[in-house]
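So you can see what is in the structure, the chains are spelled out below.
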Amino acid sequence: MAQGKDAEIKRFSKPGDVVTPDRPSREEAEAAVRTLIRWAGDDPTREGLVGTPDRVARSYEEFFAGYDEDPVALLERTFEETDGYDEMVVLRDIRMESHCEHHMVPIIGKAHVAYLPGKRVVGISKLARVLEVYAKRLQIQEKLTAQVANTIQTVLQPRGVAVVIEAAHQCMTTRGIHKPGVTMVTSRMLGAFREDPRTRQEFMAMIGGASPARAVEG
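Values in this document were obtained by computation on a predicted structure and should not be read as measured data.

Of regular secondary structure, the protein possesses 9 helices and 7 strands. Within the protein, buried positions represent 39% of all 218 residues. Across the protein, contacts joining residues at least 24 apart in sequence account for 69% of those joining residues at least 6 apart. Surface accessibility of the protein: about 12700 Å² in total, with carbon and sulfur atoms responsible for 52%.

As structure tokens, this is what we get:
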């Protein structure tokens, strides 16, 4: 029994992550969904809802798959044969789906990620994967933005990193203040992107001029 628990702890002990050795079982998760259905005022045993706990549990496995992945490991395979390329590498308009940690409702938007290579470059899909790993966790947008930028800076050690995220929060658009059409924009600039206005302006021009600003979730 102890060995099984040790394995569970090790599985979720990723660098920089919270260890959750007491993660509930699938059966406990489904029971919790049935409780929520009853609390909402419906009958979890009726035909249309009998399979809902299983479906919700499976959807949560997809929504929060980022807890099972190590974003640092994704960036560890790099390439040094670049023929001296040292200009900006930019991925823009990366589709992003996350969930608000305050209300557990979707955050949907797009991200723009850039870095100035030092001696190494990484496969571009890995940049999008780092975003996805962090997004598929309970989040606030400010933290998500910082995590993506900090991880790229730490692992690749480029001359600079820039991340801008633009997203709509359903905790604000479908509940509470009910303000659809509002987009929250956050940014994290490191190295040359923070220190050199021209580098920052070049990046902003490439992504279409999104205005870095900080807003508060509803």
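Attention shifts here to the pairing of strand 2 (residues 89–100). Pairing of strand 2 with strand 3 (residues 106–116), which is carried by 9 bridges, proceeds in the antiparallel orientation. Residue glutamate 97 lies in a different strand from strand 3, and its bridge partner there is isoleucine 108. Hairpin connection, strand 2 to strand 3: the antiparallel pair is bridged by 5 residues, and methionine 104 has positive phi, about 55°.

Time to look at helix 2 (residues 26–40). Taking 1.5 Å of rise per residue, the 15 residues of helix 2 would be expected to cover 21 Å, and the 21 Å separating its terminal C-alpha atoms lies within 8% of that figure. For helix 2, the set of buried residues is Glu30, Val33 and Ile37. The arc that holds every buried residue of helix 2, seen down its axis, measures 50°, which confines them to one face. Exposed and facing more than 90 degrees away from the buried side of helix 2 are Glu28, Leu36 and Trp39. On its buried face, helix 2 sits against helix 3 (52–63). Just beyond helix 2, the residue with positive phi is glycine 41, at close to 110°.

A separate point is the environment of proline 180. Counting through the fold element by element, proline 180 comes out in the loop between helix 7 (170–173) and strand 7 (184–191). Residues proline 180 and alanine 168, spaced 12 residues apart in sequence, show a C-alpha to C-alpha distance of 8.3 Å.

Read across the sheet, 5 strands follow the order 5-2-3-6-7 without closing on themselves; strand pairing throughout is mixed. Edge positions in the sheet fall to strand 5 (138–139) and strand 7, since each has one partner strand and no second. The pairing of strand 3 with strand 6 (residues 160–169) spans 10 bridges and is antiparallel. In the sheet register, alanine 111 faces strand 6, and the bridge partner there is isoleucine 165. Helix 6 (residues 141–156) contacts strand 2, strand 3, strand 5, strand 6 and strand 7 of the sheet and is inclined by roughly 20° relative to strand 7.

All right, on to the packing of aromatic side chains then. Taken as a whole and assessed by the stated rule, the structure comprises 4 aromatic pairs. Measuring from ring centre to ring centre gives 5.1 Å for tyrosine 60 and phenylalanine 64, while their planes differ by 80°; the resulting arrangement is edge-to-face. Residue classification places phenylalanine 64 among the buried positions, given a relative accessible area of 10%. On the basis of an interplanar angle of 80° and a centroid distance of 6.3 Å, the ring pair of phenylalanine 63 and phenylalanine 64 is categorised as edge-to-face. These aromatic residues form a ring-pair network of at least three members: Tyr60, Phe63 and Phe64.

Turning to the nonpolar core, a few remarks are in order. The biggest cluster of nonpolar side chains holds 32 residues, and the ones touching the most others in it are Leu75, Met96, Tyr115, Val148, Ile152 and Ile165. When residues of this core are traced back to their parent elements, those giving at least two are strand 2, strand 3, strand 4 (121–122), helix 5 (124–135), helix 6 and strand 6. Leu116, Met189, Phe203 and Met204 belong to the second-largest nonpolar core, a separate cluster that totals 12 residues.

Moving on, we get to the confidence of the model for the protein. Predicted confidence across the protein gives a mean pLDDT of 88, with 86% of residues reaching 70 or more. Every residue in residues 5–16 is under pLDDT 50, and counting partners more than four places away or in other chains gives 17 contacts. Below pLDDT 50 for its whole length, residues 211–218 participates in 22 contacts with residues either more than four positions away or in separate chains.

On the surface, Tyr60, Phe63 and Met104 cluster together into a nonpolar patch covering about 260 Å² of accessible area. By the secondary structure assignment, phenylalanine 63 is in helix 3.

Below, the discussion takes up the state of the cysteines. Across all of its chains, the model carries 0 disulfides by this definition. Free of any disulfide, cysteine 100 has its nearest cysteine sulfur in cysteine 171, 4.0 Å distant. The class of cysteine 100 is buried, set by a relative accessible area of 0%. On the accessibility criterion, cysteine 171 (0% relative accessible area) is buried.

The rules we used
- Residues numbered from 1 in each chain as written.
- Predicted model: local features only at pLDDT ≥ 70, side-chain atom pairs only at ≥ 80, totals over all residues.
- Heavy atoms only, no water.
- Helix = DSSP H or I, 4+ residues; strand = E, 2+ residues; numbered from the N terminus.
- Buried < 20%, exposed > 50% of the residue type's maximum accessible area, 1.4 Å probe, protein only.
- Contact = heavy atoms within 4.5 Å.
- Areas by Shrake-Rupley, 256 points an atom, 1.4 Å probe, with all protein chains shown as cover.
- Pairing = 2+ DSSP bridges.
- Expected span 1.5 Å × (residues − 1).
- Arc of directions from axis to C-beta.
- Axes fitted to C-alpha atoms, helices over the stretch in contact; angles between N-to-C directions.
- Phe/Tyr/Trp six-rings, centres within 6.5 Å; stacked < 30°, edge-to-face > 60°.
- Core = buried A, V, L, I, M, F, W, Y, C linked by side-chain atoms within 4.5 Å.
- pLDDT = per-residue confidence, 0-100.
- Patch = residues over 30% accessible without salt bridge, like charges linked within 9 Å, V, L, I, M, F, W, Y side chains within 5 Å.
- Salt bridge = Lys/Arg side-chain N within 4 Å of Asp/Glu carboxyl O.
- Disulfide = S-S within 2.5 Å.

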